[in-house]
Amino acid sequence: MLPYERLIIIENNSKIPVYRQIAISIINAIISGTLKKGVHLPSSRELSKTLGVHRKTVIASYEELDIQGWITSVPRKYVAVSEQIPVLTPQQWGNAEVGIPYENDLKIPFRMIEQDPVHAPVFSADIVIDDGHPDVRLSPIDSLLKNYRSFTSRKAAIKNANTGTTQGTLILRQELVNYLSVTRGLNISADHILVTHGAQMSIYLASQLLLGPSSGIIIGKPNYPVANKVFEETNARIIEVNVDSRGIDTDAIEKVCQQTKINAVYVIPHHHYPTTVTLSVERRVKLLELSKQFSFTIIEDDYDYDYHYTSSPYLPLASGDHHGNVIYIGSFSKVLDPALRMGFMVAPKNFIDQCTALRRLIDIGGDGYMQNALAIVIKEDELTRHIKKSKKCYHKRRDFLDALLREKLGKYISYTLPTGGMAIWIILNADFSVIRLAKSPLITITRWDAEQNAFRFGFASLNETELEQAVDLLKTELEKELRKKNRIP
């Protein structure tokens, strides 16, 4: 008889029940060819004695194997490996293990996506400096969830919850037509809107349709790194143009277009990521003119349009005379909660139709309940009231942080106070390293740039006490580095 005590491995510390461990070991032995079809297995009493387990455990294992078709059980006579199992080549049986198959790497070649470690921070510190998130404590989440629950309790809403959500529920798209007209001056219909799982999905869908190996796209330098990765995945030529205090350099864009064919320009006009600068009026006008002259599409990422403090925000490029050349992208994640993945794309109907078709291949639709709940929040002006309240709060926090930085970190850093947004782009003096600062165990910085020796200090999600704690920790780390440089104990 086979040495079943070595063929069947039982790990007492495993989360897998013992009866299933026994069943898995037998299945592995059948697959490996150690147990051939028709071979009789030990009786439940015999195997339980061999393995040192209760007989009912072995009975449960045999029942599991019988149901799955691995064995044939004839009551009070015998248990045997099923005759229906294909003939398998015998393999070494002495090392049979009860393991987790997914612990092994996939050996078959597949496409590799380079990962940016900056986007995978470990939040081990008490204070986290994000790259510009809203304060969820101020968000009308309770109202949103109340509306959500209301929809889930209506029979009609339940019946139609998954109907027409690939483009976004009609209720939400109709409310967005009114909302975007009032707040951004967009003259659109519901057919021009695609509701997405945040701005990132919109960028991906647009790039997949607009770009390819023979295409060219202009981006800012520096730029939103995740968008850069999306464009790289299309194999398009990526041309970087400098971003200065007035936004992306449109004169440089013009020179590039005179030399090579450009299919798209990706621009963040409000509070450019990561530098937070705002595109000037003159450059906005010129960019639209260049789009018409050289026939390229403008991908306008307006991720935090609502938060402008020193004046009213500039109207989007999408509100101007662009002949359908602007793909406008916005997000509610920056207004309500980063975890609430809700964004939108505005574009000509033929482009929206194709984005909807592409989206359907990977994501049949969104959360109809949540979309309709958001529509009610917009319709009842609760979103407008929230933005007004939070903008006042974030403006105050920006100014409070500005005073702290000048008082406590003035000799270590430089920055330009942004006119809006939810973060400050802080550049360290040449004597200090943002890489070393980012490795501090005391504080977590989620967005930094080694080439620029800078990082984004998101102030909106931190109250005044938390802002002061964060600045004090930064000061401690920079003073520590200064002492090391000067060899002061």
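Relevant structure appears above.
Owing to the predicted nature of the structure, the values given are computational and were not obtained by experimental measurement.

### Overview of the overall build of the protein
- Helix and strand content of the protein: 16 helices and 17 strands.
- Relative to the globule expectation of 23 Å for 489 residues, the C-alpha radius of gyration of the protein, 30 Å, shows a markedly less compact shape.
- If one aligns the C-alpha atoms of the protein with their principal axes, the spans along those axes are about 90 × 65 × 50 Å.
- Taken over 489 residues, the protein has a buried fraction of 49%.
- Summarising the internal contacts of the protein: among those between residues at least 6 apart in sequence, 73% fall at separations of at least 24.
- Here the protein displays about 25,000 Å² of accessible surface, and carbon together with sulfur accounts for 52% of that area.

### So, the packing of aromatic side chains
- Taken as a whole and judged by the stated rule, the model has eight aromatic pairs.
- Pairing Tyr273 with Tyr303 gives two aromatic rings, centres 6.3 Å apart and planes at 70 degrees, and the pair type is edge-to-face. Residue Tyr273 is located in the loop between β9 (264–267) and α11 (281–294), and its partner Tyr303 is located in the loop between β10 (297–301) and β11 (326–331); the two are separated by 30 residues in the primary sequence. Each member of the pair Tyr273 and Tyr303 is classed as buried.
- Every member of this aromatic cluster is reached through a ring pair, and the members are Tyr224, Tyr273 and Tyr303.

### Structural notes on the pattern of salt bridges
- In this structure the tally under the stated criterion is 18 salt bridges.
- With a shortest N-O distance of 2.9 Å, Asp135 and Arg397 are connected by a salt bridge. Remark: Arg397 occurs in helix α14 (residues 382–408) and Asp135 occurs in the loop between β4 (127–129) and α5 (141–152); sequence separation between them is 262 residues. Across the pair, exposure class does not vary: Asp135 and Arg397 are buried alike.
- Put simply, Lys286 and Asp251 hold a salt bridge, and the shortest N to O gap is 2.5 Å. Pair noted here: Lys286 is in helix α11 and Asp251 is in helix α10 (residues 250–259), with a separation of 35 residues, a long-range link.

### Considerations on α5
- Over its twelve residues, α5 extends 16 Å from the first C-alpha to the last, a length consistent with the 16 Å expected when each residue adds 1.5 Å.
- By the burial criterion, the buried members of α5 are Ile141, Ser143, Leu144, Asn147 and Phe151. For α5, the buried positions fall inside an angular range of 165 degrees around the axis, keeping them on one side. Turned more than 90 degrees away from the buried face of α5, the exposed residues are Asp142, Lys146 and Arg149.

### Thoughts on the packing of helix α3 (residues 44–51) against helix α4 (residues 55–68)
- Across the interface, α3 lies against α4 with an axial gap of 8 Å and an inter-helix angle of 120 degrees. Compared by their axis directions, α3 and α4 come out oblique. Considering the relative orientation of α3 and α4, their crossing is right-handed. Listed contacts from α4 to Ser44, Arg45, Leu47 and Ser48 of α3 are Arg55, Val58, Ile59 and Tyr62.
- Its residues placed into classes, the contact of α3 with α4 shows four nonpolar, two polar and two charged.

### Some remarks on empty space enclosed by the protein
- Counted by the stated rule, this structure contains two cavities of 30 Å³ or more.
- In this structure, the largest cavity occupies an estimated 60 Å³ of space.
- Contributing elements (two or more residues each) for the lining of the largest cavity: β8 (247–248) and β9.
- Here the residues of the lining of the largest cavity are counted per class, giving six nonpolar, three polar and no charged.
- Size it by volume and the second largest cavity reaches roughly 30 Å³.
- Along the walls of the second largest cavity sit Arg184, Asp302, Tyr303, Asp304, Tyr305, Asp306, Gly330, Ser331 and Val335, which together make up its complete lining.
- Each residue belonging to the lining of the second largest cavity can be placed in one class, and the counts come to three nonpolar, two polar and four charged.

### A look at unusual backbone geometry
- With an omega of -5 degrees, the peptide bond running from Lys221 to Pro222 counts as cis.
- Its location among the elements puts Pro222 in the loop between β6 (216–221) and α9 (225–232).
- A cis amide bond links Tyr273 to the next residue, Pro274, at an omega of 10 degrees.
- Here Pro274 lies in the loop between β9 and α11.
- Even without being glycine, Arg76 reaches a positive phi, approximately 65 degrees.
- If you trace the backbone, Arg76 turns up in the loop between β2 (71–74) and β3 (78–81).
- The class of Arg76 is exposed, set by a relative accessible area of 91%.
- A positive phi angle, close to 65 degrees, is found at Asp381, a residue other than glycine.
- Position of Asp381 among the secondary structure elements: in the loop between α13 (368–379) and α14.

### Describing the sheet that holds strand β1 (residues 40–41)
- The strand order across the open sheet built from three strands is β1-β3-β2, with neighbouring strands paired in antiparallel fashion. With partners counted over all chains shown, the strands left at the sheet margins are β1 and β2, one partner each.
- Two elements, β1 and β3, share two bridges in a ladder whose sense is antiparallel. Bridging from a neighbouring strand, Leu41 pairs with Val79 of β3.

### A word on the nonpolar core
- One finds Leu176, Ile218, Phe332 and Phe457 to be the most contacted residues of the largest nonpolar core, which totals 80 residues.
- Listed in part, the 21 residues of the second largest apolar core include Leu7, Ala23, Leu35 and Val53.

### Comments concerning the sheet that holds strand β12 (residues 343–346)
- Read from one edge of the open sheet, eight strands run β5-β12-β11-β10-β9-β6-β7-β8, paired in mixed fashion. Looking at the sheet topology across the chains shown, the edges are occupied by β5 (193–196) and β8.
- The pairing of β11 with β12 spans four bridges and is classified as antiparallel. Bridging from a neighbouring strand, Ile329 pairs with Met345 of β12.
- On top of the sheet, helix α7 (residues 170–184) reaches β5, β11 and β12; it is set at about 105 degrees to β5, its chief contact.
- Along the sheet face, helix α12 (residues 349–362) touches β5, β11 and β12 and points at about 25 degrees away from the line of β5.

Reading the values: the criteria
Here the residue numbers are simple positions, counted from 1 along each chain's written sequence. Owing to the predicted nature of the model, reporting of local features is limited to residues with pLDDT of at least 70; listing and counting of side-chain atom pairs is limited to 80 or more, with chain, interface and lining totals taken over all residues. The basis for every side-chain value is the complete set of heavy atoms in the structure, and neither hydrogens nor water enter the calculation. Strands are runs of DSSP state E lasting at least two residues, helices are runs of H or I lasting at least four, and both sets are numbered from the N terminus onward. Two things to know: the radius of gyration comes from C-alpha atoms, and the globule rule equals 2.2 Å times the number of residues to the power 0.38. Think of it in three bands: with a 1.4 Å probe and only protein chains considered, a residue is buried below 20% of the maximum accessible area for its type, exposed above 50%, and partly exposed in between. For this analysis, residues touch if any pair of their heavy atoms sits within 4.5 Å. Surface exposure here means Shrake-Rupley accessible area, sampled with a 1.4 Å probe, where a residue is shielded only by the protein chains that are shown. Here is the rule: rings of Phe, Tyr and Trp (six-membered ring for Trp) pair when centre to centre is within 6.5 Å. Planes less than 30 degrees apart are stacked, more than 60 are edge-to-face, and the remainder are tilted. Criterion for a salt bridge: a side-chain nitrogen of Lys or Arg within 4 Å of a carboxyl oxygen of Asp or Glu. Helix span, as expected, comes to 1.5 Å for every residue beyond the first. By arc we mean the arc of the directions from the helix axis to the C-beta atoms, nothing more. Geometry is summarised by axes, namely lines fitted to C-alpha atoms with helices restricted to the contacting stretch, and by angles between N-to-C directions that run from 0 to 180 degrees. Orientation labels follow simple angle bins: below 35 degrees gives roughly parallel, above 145 gives roughly antiparallel, 65 to 115 gives roughly perpendicular, and whatever is left gives oblique. Two helices crossing with the near one rotated counterclockwise from the far one by less than a right angle form a left-handed crossing, whereas a clockwise rotation gives a right-handed crossing. Residues are grouped as follows: Ala, Val, Leu, Ile, Met, Phe, Trp, Tyr, Cys and Pro are nonpolar; Asp, Glu, Lys and Arg are charged; all remaining types, including Gly, are polar. Put plainly, a pocket is an open set of points on a 1 Å grid over the protein atoms alone with protein on both sides within 12 Å along at least five of seven lines, a cavity is a set where a 1.4 Å probe fits but cannot get out, and a lining residue has an atom within 4 Å of a point. Grid points are joined across faces, edges and corners, and a volume is the space filled by probe spheres set on the points. For two strands to be treated as a pair, DSSP must find no fewer than two bridges joining them. As used here, the term nonpolar core means buried Ala, Val, Leu, Ile, Met, Phe, Trp, Tyr and Cys residues forming a set that is joined through side-chain atoms within 4.5 Å.

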